[in-house]
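# Summary of structural features
Spelled out from the first residue to the last, the chains are:
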Amino acid sequence: MNAGAVLAQVAAVFVWLGMVLGISFLEAPLKFRAEGITVPLGLGIGRIVFRALNRVEAVLAAIAAVALAWGVPGPAALGLGAGAVAMLLVQLLVVRPSLNRRTAAVLAGESGPRSRAHLRYVALEVVKALCLAGCGAALVLERL
């Protein structure tokens, strides 16, 4: 296999994983623990950060998909990479619209029951991170 394809595959997958871990599992929960951060302020920041993250994720997913198609990886890497892309699509097309509506309502001063959409997003994020880690590991192990 072409060394450039392997490098592109591994880089795209692990950069994507690093961004998900850094933002979703580190920045997002910690911002609400910072002194002076209110829920509306945290939600406003989160909306901006996750919009940017999701755009970068879409680019990395496209790069990973092209690199995976170009490099013809094994079935494990291909399946796990497809799983990560599927999780991102569900997050963007199914869960994010609900989260965006809830955030807009809270920022407008409305109160109400907590949304379960956040829990669905987190569950998808965990699965996506596991898929990315598995895909990256499979890509590396295929080369040994």
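Residues numbered from 1 in each chain as written. Predicted model: local features only at pLDDT ≥ 70, side-chain atom pairs only at ≥ 80, totals over all residues. Heavy atoms only, no water.

## Focus on the layout of surface pockets
- Approximately 770 Å³ is the volume found for the largest pocket.
- In terms of lining, the largest pocket is formed by 24 residues, of which the most central are F32, L43, L99, T103 and H118.
- In terms of residue class, the lining of the largest pocket is built from 11 nonpolar, seven polar and six charged. (1 Å grid on protein atoms, 1.4 Å probe; cavity = no way out; pocket = protein on both sides within 12 Å on 5 of 7 lines; lining within 4 Å. Points joined across faces, edges and corners; volume = space filled by probe spheres on them. Nonpolar A, V, L, I, M, F, W, Y, C, P; charged D, E, K, R; others polar.)

## Observations regarding the environment of P113
- Along the chain, the position of P113 falls in the loop between α3 (75–107) and α4 (117–142).
- Under the relative-accessibility criterion, P113 is labelled exposed at 71%.
- Taking the C-alpha atoms as reference points, P113 and R102, separated by 11 residues in sequence, lie 9.9 Å from one another. (Helix = DSSP H or I, 4+ residues; strand = E, 2+ residues; numbered from the N terminus. Buried < 20%, exposed > 50% of the residue type's maximum accessible area, 1.4 Å probe, protein only.)

## Side note on the environment of H118
- Relative to the helices and strands, H118 resides in helix α4.
- A relative accessible area of 43% places H118 in the partly exposed class.

## A short note on the confidence of the model for the chain
- Overall, the prediction assigns the chain a mean pLDDT of 91, with 99% of residues at 70 or greater.
- Averaged pLDDT values over the elements of the chain bottom out at 90 in helix α2 (residues 39–71) and peak at 95 in α4. (pLDDT = per-residue confidence, 0-100.)

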